[in-house]
Amino acid sequence: MQEFYIGWMDKAPRTFAQFVKKYLLLILPVIIVIAVLLGALQKKFSKGNFEFGQPTTVTGIYFNHPVPLIKVINGKDIFGNISYITIPLVGYGKHGADGIISDIEKEKNISLDQKEVSLKGTLLYNDGKTIMQVDKNDTVLVHYSGKQIASELLPQKKDLGTLSIKGEIVDSKCYFGVMKPGEGKPHRDCAIRCILGGIPPVLVVKNEKGEANYYLLVDADGAKINQSVQPFVATPVTVNANAIQYDDWIVLYVNKNAGIREISRSAFYQPGNAVACVMR
Amino acid sequence: MSASYQAVGWNKQKKKYDWIIFSFCVVYLIVFIGVTAYVNPDYTFETVLVRSTSTLALLLLHVILSIGPLARINKKFLPLLYNRRHLGVTMFTVALVHASFGIFQFHALGNVNPLVSLFMSNTNYGSLADFPFQALGFFALIIFFLMAITSHDFWLHNLGPKVWKTLHMMVYPAYFLIIMHVMLGVIQYETNPVFVLILGVGSSTLIVLHLIAGTREVKKDNEEFGLKQDGFVMVCGVNDIEDNRAKMFCIDKERIAVFKFERKLFAVNNVCKHQNGPLGEGKIVDGCLTCPWHGYQYLPQNGQSPPPFKEKVSTYDVKVQGQNVWVNPKPYPEGTERKGANF
Ligand code: HEM
Ligand code: FES
């Protein structure tokens, strides 16, 4: 007669035990194969890096515009031109740096704009761009010299005219190092939260090879545009704007109401019509 | 209140299953994390934690949902059915790690409460491609949570089988929510079609298993009985039923299990009071007919669980004429004593 299994028996009858064993032996390789496939086939992670827990002090010139940033000079190149990198600042977590800077200015009764400063923060970087996180619980302002800077150190500005570009709006902090992925649909909520918290929005424009150009977004008057870009974050858009190059960043002065339009994914990835890519 | 939930103890068998579940989960996590780190040296710990737990939870969910139909197709799967609730609680725990970490990563340290952020960051509720997929995961998680905390039989008795069963059937809408959570989330980002393919294979397997198990049951339910007489229906021959075993018949929408025990035939309602298990696939053990799913027991002559338990099922009249078994599908109130039929 057939064996009968009852759950509360201390031992399953032999035929049942053997059957279950076979099932488990079959399912184990299935589990492993699924783990390997899912593990191996994820989209490549970006090379971005966030030096979490390793603060750095950088010395340079602080500017309030177009976004809070520090321009760090590292000598002159072989042609005698100043060599520098512009590092936008962001706050801790999903916050911009504006509050921290204005708190420091109020507390010390100074103005940091266009002054030489040393700031302590945590660097994050990817694809040639660097961002620094400053944390209000740290001593952010390590050194401040109130003296006016030489005019050759002011930003080199160049008007690039009106551009119409297809790309994706991301938050500069996650994209350039904190999160992987720091773009696209899975990251959308986070990017929106970061941008609403004051982190500068950046338009990422990629060509077919995956090479990218980056544009800082501000409104037509140069003020923050963060609130207005909320519906357009992490989705394909066309941005129409005046472009001005500030040293090593291009800034788009976007009309808040009409400058950004959502476009369909298929329009974005039209073959042959590579995602618009404006070279510097 | 009944004390019958005490019947489910933590025997050796269960401990062994728990260990197997645990080790399989560990194997999955190690392989997923190892392969991700090997292929992508630039991986971040946070992402790999979010993804390894999410995919493990979804894998477990597929295993859980396949056990029901598998056990109906082949009884040898019953030990897995018996231990399914452990898999469920494990799945919830793993999903909770994914969800908590997701909420922290994507919503914490911002300008609003993370749970507000979860619903108010992406407000594109009217669009499909842009839909806030994380909200879907949240509602699925709530369902899994309610199922996990009510998985103990204590709750089955307190909520009543109907409410309990309805709550636990919510696993199907939750499964759908998760599929959409993935399709409208990470699938919008990943470019390799293999992810959709794996998901498709998983879902189709579940659908096919449920269809096979379902059609078998429907066939059995629609069986026609030709001979009727004075309210009795001829169902089978006396020798078609083994000693201490039963056969199930569906007559006039009544599912009836006819048992052979000590040279007599008894008929009781086929549906176990615990979780609707098929009593007709059970066996007489120590003089009680025993449900094959979790071992609830009933006395064959009156359909009552032996004290201290209080479950009762309906009973029916059976008679034997020549070599044939006849059953009257009119149920007696639950727990009514019947003499049974000699043969
Ligand atoms: C509050 C609840 C939840 C939140 C906030 C949440 C959040 C997320 C996020 C942000 C992603 C994309 C992660 C990425 O790859 O970048 C994701 C993906 C995923 N989630 Fe959830 N989730 C929740 C609940 C669940 C539940 C209950 C499950 C159940 C199995 C689940 C299964 C998955 C799966 C399979 C993926 C795709 C793989 C992955 O990208 O990790 N999620 N979820
Ligand atoms: S259904 Fe659980 S014991 Fe019958």
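K.L.:
I would appreciate a short explanation of the overall build of chain B in the present structure.
P.N.:
Tallying secondary structure elements over chain B gives 10 helices and 11 strands in all. Expressed as lengths along the three principal axes of its C-alpha atoms, the size of chain B is roughly 80 × 40 × 35 Å. The burial tally for chain B puts 52% of its 343 residues in the buried class. When contacts within chain B are restricted to residue pairs at least 6 apart in sequence, long-range pairs at least 24 apart make up 56% of them.

K.L.:
Explain unusual backbone geometry to me, please; I cannot follow it from the model alone.
P.N.:
Among all residues save glycine, negative phi is the norm, and among peptide bonds the norm is trans. The omega angle of the peptide bond from A:Lys180 to A:Pro181 is -5°, so this bond is cis rather than trans. At the junction of B:Pro307 and B:Pro308, the peptide bond is cis and its omega measures out at 10° in the coordinates. Position of B:Pro308 relative to the elements: it lies in the loop between strand E8 (297-298) and strand E9 (315-321). Backbone geometry at B:Asp252 places phi at a positive 50°, although glycine is not the residue there. Relative to the helices and strands, B:Asp252 is located in the loop between strand E3 (246-251) and strand E4 (254-261).

K.L.:
Would you take a moment to explain the domain arrangement of chain B for this structure?
P.N.:
How big an interface is tends to be expressed through the accessible area that disappears when the partners come together. All names here are of chain B. Under the domain assignment, chain B is made up of domain 1 (12-220) and domain 2 (228-342). Placing the centre of domain 1 and that of domain 2 at their C-alpha centroids yields a distance of 38 Å. Each partner contributes residues to the interface: domain 1 has 13 residues there, and domain 2 has 13 residues. For the pair domain 1 and domain 2, the summed buried area comes to about 1300 Å², and 54% of that belongs to carbon and sulfur atoms. At the boundary of domain 1 with domain 2, the tally comes to zero salt bridges. Inspection of the domain 1/domain 2 interface yields four residue pairs in polar contact (both at pLDDT 80 or more). Elements with a contribution of two residues or more to the side of domain 1 that touches domain 2: helix H3 (78-82), helix H7 (153-159), helix H8 (161-169) and helix H10 (194-221). Residue composition of the side of domain 1 that touches domain 2, grouped by class: six nonpolar, one polar and six charged.

K.L.:
What should I look at first to understand the packing of aromatic side chains in this one?
P.N.:
Here a ring pair, both rings aromatic, is described through the centre-centre distance and the interplanar angle of the planes. Tallied over the entire structure, the rule returns 18 aromatic pairs over all chains. When the ring of A:Tyr5 is compared with that of B:Tyr82, the centres are 6.3 Å apart and the planes differ by 80°; the resulting orientation is edge-to-face. Within this pair, whereas A:Tyr5 is found in the segment before helix H1 (14-41), its partner B:Tyr82 is found in helix H3, the two belonging to separate chains. By relative accessible area, which is 2% here, B:Tyr82 ends up buried. Each ring, one from B:Trp19 and one from B:Phe22, has its centre 5.8 Å from the other, and the planes form 90°; the classification is edge-to-face. In this pair, B:Trp19 and B:Phe22 are both assigned in helix H1 (residues 12-39), three residues apart and thus about one turn of the helix distant. These aromatic residues form a ring-pair network of at least three members: A:Tyr175, A:Phe176, A:Tyr214 and A:Trp249. Looking at B:Lys319, its charged tip hangs above the ring of B:Phe232, at a distance of 4.4 Å from the centre.

K.L.:
What's the story with a positive patch on the surface in this structure? I'm lost.
P.N.:
A surface patch of like charges, here positive, comprises A:Lys11, A:Lys21, B:Lys12 and B:Lys16. By secondary structure assignment, the location of A:Lys21 is in helix H1.

Thresholds, definitions, all that
By convention here, each chain's residues receive numbers from 1 onward along its written sequence. Both sets of labels track the order of writing: A upward for chains, 1 upward for ligands. Where totals are concerned, whole chains, interfaces and linings use all residues; where local detail is concerned, this predicted model gives features only for residues with pLDDT of at least 70, and gives and counts side-chain atom pairs only at 80 or more. Side-chain metrics rest on all non-hydrogen atoms present in the structure, leaving aside hydrogens and water. Starting at the N terminus, helices and strands are each numbered in turn, a helix being any DSSP run of H or I of at least four residues and a strand any DSSP run of E of at least two. Residue burial is assigned from relative accessible area. The probe radius is 1.4 Å, only protein chains are included, and a residue is buried under 20% of its type maximum, exposed over 50%, and partly exposed in between. By the convention used here, residues are in contact when the closest approach between their heavy atoms is within 4.5 Å. For the domain bounds, the source is a domain assignment made automatically or taken from a database. Buried area counts how much accessible surface, traced with a 1.4 Å probe, disappears from two parts once they are put together, with both parts' losses summed. Salt bridge, as used here, is a side-chain nitrogen of Lys or Arg placed within 4 Å of a carboxyl oxygen of Asp or Glu. Throughout this description, a polar contact denotes any pair of N or O atoms lying within 3.5 Å of each other; where both atoms belong to protein, one of them has to be capable of donating a hydrogen while the other can accept it, and for residues adjacent in sequence the pair is counted only when both atoms sit in side chains. Here the term charged refers only to Asp, Glu, Lys and Arg, the term nonpolar to Ala, Val, Leu, Ile, Met, Phe, Trp, Tyr, Cys and Pro, and the term polar to all other amino acids, Gly among them. Classification of ring pairs uses Phe, Tyr and Trp, with its six-membered ring standing for Trp, and accepts pairs whose centres are within 6.5 Å; under 30 degrees between planes counts as stacked, over 60 as edge-to-face, and the remaining range as tilted. Criterion for a charge above a ring: Lys NZ or Arg CZ within 6 Å of the ring centre, and within 35 degrees of the ring normal. A patch consists of residues whose relative accessible area exceeds 30% and which take part in no salt bridge; residues with like charges are grouped when within 9 Å of each other, and nonpolar side chains (Val, Leu, Ile, Met, Phe, Trp, Tyr) when within 5 Å. Surface accessibility follows the Shrake-Rupley procedure with a 1.4 Å probe radius. Residue values consider only the protein chains on display as shielding. Positive charges come from Lys and Arg alone, negative charges from Asp and Glu alone, with His and the N- and C-terminal ends not counted. Throughout, a charge is located at the NZ atom of Lys, the CZ atom of Arg, the CG atom of Asp or the CD atom of Glu.

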